[in-house]
Structures are given as C-alpha cells and as structure tokens.
Amino acid sequence: MPEPNPDQWTEIANKFYLKTNFPNCVGAVDGKHIRCIKPINSGSMFYNYKKYFSIVLMAVVDAEYSFISIDVGAYGKEGDSTIFKNCPFGKKLYSELLNLPAPVVLPNTDNFPQPFVVIGDEAFGLHKNLLRPYPGRGLTQKRKIFNYRLSRARRYVECAFGILANKWRVLHSAILVEPDFADDVIKACCILHNYVRRRDGYNFEDTLSNSLEDIQNENNSGARQQGLDVREYFADYFMDAGAVPFQYQFV
C-alpha cells in the first residue's frame, strides 16, 4: 500500500465529493476488532470492551472501499484514538508529513481555502486534518447537517470492513493462531481485498450484510482549535449549500 502522492490524494478527494458530496476528504478512518483466541500469558491485554479477545485493524479507506493504509496488531483493550495516534499513518497525519495537497477553496466558493481532511467518528481527536462529528444532542440545524454529511462519507470505512469480512470468512470467527501469525493473515486479507476491488469493482450486494461498530467515546488532545475552526467552516458551507437532515433526504 504505497503512500499516495498529492495528485492521487486529489483524485481520492474528487471521488469522495462525487459520491458523498463531502469536499476535501481524502479518506475515512476507523478500527475493527478481529476476534482471536487468548494468547498465553497475555492477561487482559487483548480483552476489549465488547467482552471478547481481539486484535485491532486500524484502516483508512477511499471512496471505492479500498484500503489506503492499515495498521494491524494493536491490543484489543486499546481505544481507536490511541491506536491511530501511534500508528505510522496517524503519526504522519498529526506531524503534517502526509504529503497532502495544499489547501483549496471549497466548491462554489471563492475564498478561505480549507485543508484536506480525513474523517472519523467521535472516538478520534479533532485536528485540522481530521474531522469528527459534533458531539451531544440538541444540536443546531447547521451542526446536524454537518454530522449528516460527515456520516454519509464515513460509512465507506464501515462498509469496507463488511465487504472484507464477507469475502474472507476467516474474519467471521476467532483466528486460531498466535497473534503474530494472525497479523499476517489479516494483512493478507486486506491486500487481497484491494486486489479484488480493483479487479471486480464495486458490487452493491457486498455491502448489504455490514453491521456498524459501536462508538467508543474518549477525550483526546491535539491541534483541537484548528480542527474546531475547520469543522465550523465546513458546517457553514454545508448549511449554505441547502442540505437537509438525513431523515428527510433520500440518496
């Protein structure tokens, strides 16, 4: 999985905008717990909040359900935000070393260029290059619209996990090998997944049996103020674009 260059990042962002109406998005990130047997003398390191032993697959996905970057092998007890910050992709993102294109103005606007972003759920820390939904209830109309737009783009990573598990059925049950070997199995499945996506393209039927992961809430730190400014600008942009909340719009 080679790191994309600026032109490839731009192509990914264009596909996200075409399919989800979310501009400047270069990927959707999330973690998936892969069930495993309890390793010897591991204590509770692999025991996750869902009450089973697992290895975490952290992945960034494009708009064609292909993996841009993966990190495999984190303990099941760790949270998504911690894993992402410690993985190579996360370190490059927070250090601004991902070779992302320069900020550009959003479609149908003439000023205030905005950075390219990765999107995630509430478990991830806000950053100028990583957007998450507005938390809580009682949100304003503008924030509801932003959360709807972000959710519509973020579902690609959830669907990619569903396609992966439905294609490679070893991921539907506990992997009965040692953790290091299990990591190799998961990596092989992800590489083969990308190969099949490029060979066969997108099949809607592959996404029908996907189940969404539970959201794990954590308090995270980082370049939060910049992330707040970027998220607020996107929310204003979506509000001006005339979008409506999810329950009233059919896509």
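That block above? That's the structure.
Our subject in this report is the structure included herewith. The structure displayed is predicted, hence computed values, not measured ones. (Residues numbered from 1 in each chain as written. Predicted model: local features only at pLDDT ≥ 70, side-chain atom pairs only at ≥ 80, totals over all residues. Heavy atoms only, no water.)

**Some thoughts on the side chain of S66**
Spelled out, the test is: Here a strand is any run of E in DSSP of at least two residues, a helix any run of H or I of at least four, and the numbering for each starts at the N terminus. Relative accessibility decides the category of a residue: with a 1.4 Å probe and only protein chains considered, values under 20% of the type maximum give buried, values over 50% give exposed, and everything between is partly exposed.
In this fold, S66 is placed in the loop between β2 (54–61) and β3 (67–75). In this structure S66 comes out as buried when scored by relative accessible area, which is 5%.

**Focus: the packing of aromatic side chains**
What counts, and what does not: Two rings from Phe, Tyr or Trp (for Trp, the six-membered ring) form a pair when their centres are within 6.5 Å of each other. A pair whose planes differ by under 30 degrees is stacked, one over 60 is edge-to-face, and the rest are tilted.
In this structure the tally under the stated criterion is 10 aromatic pairs. Residues F84 and Y94 carry aromatic rings whose centres are separated by 6.0 Å and whose planes lie at 75° to one another, so their mutual orientation is edge-to-face. Taken together, the residues F84 in helix α2 (residues 80–86) and Y94 in helix α3 (residues 88–94) connect sequence positions 10 residues apart. A relative accessible area of 0% places F84 in the buried class. Members of the aromatic cluster, connected to one another through ring pairs, are F84, F89, Y94 and F124.

**Examining the nonpolar core**
To be explicit about the condition: What we call a nonpolar core is a set of buried Ala, Val, Leu, Ile, Met, Phe, Trp, Tyr and Cys residues that are connected through their side-chain atoms within 4.5 Å. By the convention used here, residues are in contact when the closest approach between their heavy atoms is within 4.5 Å.
Among the nonpolar cores identified, the biggest contains 66 residues, and F22, F84, I119, L131, F146 and I186 are the most heavily contacted of them. With 12 residues, the single largest contributor to this core is helix α4 (residues 141–167). Once residues lying within four places of it in the same chain are set aside, the contact partners of I186 are I34, I55, L57, V72, L171 and I175.

**Re the pairing of strand β1 (residues 25–35)**
This is how it is decided: A pair of strands is treated as paired once DSSP finds two or more bridges between them.
Of all the 11 residues making up β1, 10 are buried; the element is thus mostly covered by neighbouring parts of the structure. Examined bridge by bridge, β1 and β2 share eight bridges and lie antiparallel to one another. Residue pairing for β2: A28 is matched across the bridge by V61.

**A few points about the sheet that holds strand β5 (residues 130–131)**
Here we have five strands laid out as an open sheet, ordered β3-β2-β1-β4-β5, and mixed in their pairing. Of all strands in the sheet, those bounded by a partner on one side alone are β3 and β5. Bridge count for strand β4 (residues 117–119) against β5 is two bridges, and the pairing is parallel. Within β5, the residue paired with V118 across the bridge is L130.

**Details of unusual backbone geometry**
Phi is positive for N108, close to 70°, though the residue is something other than glycine. One non-glycine residue, F112, adopts positive backbone phi at about 60°. If you trace the backbone, F112 turns up in the loop between α3 and β4. Residue classification places F112 among the exposed residues on the basis of a relative accessible area of 52%.

**Structural notes on helix α1 (residues 6–20)**
Basically, it comes down to this: Helices are assigned an expected span. That span is 1.5 Å times one less than the residue count. The directions considered for the arc run from the helix axis to the C-beta atoms. For this analysis, a polar contact is any N or O atom pair within 3.5 Å, provided that within protein one partner can donate a hydrogen and the other can accept it, and provided that sequence-adjacent residues contribute only side-chain to side-chain pairs.
The end-to-end C-alpha separation of α1 is 21 Å, in line with the 21 Å expected for 15 residues at 1.5 Å each. When α1 is considered as a whole, its buried residues turn out to be W9, I12, A13, F16 and T20. One side of α1 holds all its buried residues, which, seen down the axis, span an arc of 100°. Turned more than 90 degrees away from the buried face of α1, the exposed residues are D7 and L18. Buried residues belonging to α1 abut β1, β2, β3, α3 and α4. A distance of 3.1 Å separates the backbone nitrogen of D7 from a side-chain oxygen at the start of α1, and that oxygen is part of N5. Trailing α1 by a residue or two, N21 shows a phi angle of about 65°, which is positive.

Read these as layout, nothing more, since geometry by itself doesn't imply function.
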